[in-house]
Amino acid sequence: MSWQFTVTEHTQRNIDSLPFEAQLALIMLIDALEIDPYAVSEPYGIDDKVTREAVFGDYGLLVMFVNPLTERITPLSFTWTG
């Protein structure tokens, strides 16, 4: 499979607003997600295999949709509390 993490202009602006440490950790997570999103994420709420969450760095949380039909990963939110 060749997964693709969808980055809209809005998402890119939000990533750019993160501290440098968070940006690096998120980029590393995105790289891992594009290989196998199920290996590096957990169910978010009910395990529907679509809505997932993954941590990045020591203080980050990404919530996303993982669509196995289109092989797209769409971020819903990411938070950095550090």
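See the structure printed just above.
Here the structure is a predicted model, which is why all the values come from computation and not from measurement.

1. Examining the packing of aromatic side chains
Each aromatic ring pair is specified by the distance between its two centres and by the angle formed by the two planes.
Now for step 1: Going through the model one piece at a time under the given rule, you end up with three aromatic pairs.
Now for step 2: Between W3 and Y38, the aromatic rings sit 6.0 Å apart at their centres with planes inclined by 80°, giving edge-to-face as the arrangement. With W3 in the segment before β1 (4-5) and Y38 in the loop between α2 (20-35) and β2 (42-43), this residue pair connects regions lying 35 residues apart in the sequence.
Now for step 3: Here W3 falls in the buried class, since its relative accessible area comes to 7%.
Now for step 4: Since its relative accessible area comes to 28%, Y38 is described here as partly exposed.

2. Describing the sheet that holds strand β4 (residues 60-67)
Either a parallel or an antiparallel arrangement is found when strands of a sheet pair, and the pairing is made through backbone hydrogen bonds.
Now for step 1: The strand order β1-β5-β4-β3-β2 describes an open sheet built from five strands, whose pairing is mixed. Edge positions in the sheet fall to β1 and β2, since each of these pairs with one other strand and no more.
Now for step 2: Pairing between β4 and strand β5 (residues 72-80): eight bridges, direction antiparallel. Opposite V63, over in β5, you have S77 as the bridge partner.
Now for step 3: Packed onto the sheet, α2 meets β1, β3 (51-56), β4 and β5 and runs at close to 135° relative to β3.

3. Side note on the pattern of salt bridges
Now for step 1: Taken as a whole and assessed by the stated rule, the structure comprises three salt bridges.
Now for step 2: The closest approach of N and O atoms between D47 and K49, which form a salt bridge, is 3.3 Å.
Now for step 3: Classification of D47 as partly exposed rests on a relative accessible area of 41%.
Now for step 4: Classification of K49 as partly exposed rests on a relative accessible area of 47%.

4. Notes on the pairing of β4
Now for step 1: In the sheet, β3 pairs with β4 via six bridges, with the strands oriented antiparallel. Bridge assignment links A54 to a residue of β4, and that residue is L62.
Now for step 2: The turn joining β3 and β4, which pair antiparallel and follow one another in sequence, is formed by three residues; a positive phi near 60° is taken by G57.
Now for step 3: Hairpin remark: β4 followed by β5, antiparallel, with four residues in the connecting loop; positive phi at E71, about 60°.

5. Quick word on the side chain of T51
Now for step 1: Here T51 is to be found in strand β3.
Now for step 2: Judged by relative accessible area, which is 14%, T51 ranks as buried.
Now for step 3: Discounting chain neighbours no more than four positions away, the residues touching T51 are E42, P43, Y44, M64 and F65.

Conventions adopted
Residues numbered from 1 in each chain as written. Predicted model: local features only at pLDDT ≥ 70, side-chain atom pairs only at ≥ 80, totals over all residues. Heavy atoms only, no water. Phe/Tyr/Trp six-rings, centres within 6.5 Å; stacked < 30°, edge-to-face > 60°. Helix = DSSP H or I, 4+ residues; strand = E, 2+ residues; numbered from the N terminus. Buried < 20%, exposed > 50% of the residue type's maximum accessible area, 1.4 Å probe, protein only. Pairing = 2+ DSSP bridges. Contact = heavy atoms within 4.5 Å. Axes fitted to C-alpha atoms, helices over the stretch in contact; angles between N-to-C directions. Salt bridge = Lys/Arg side-chain N within 4 Å of Asp/Glu carboxyl O.

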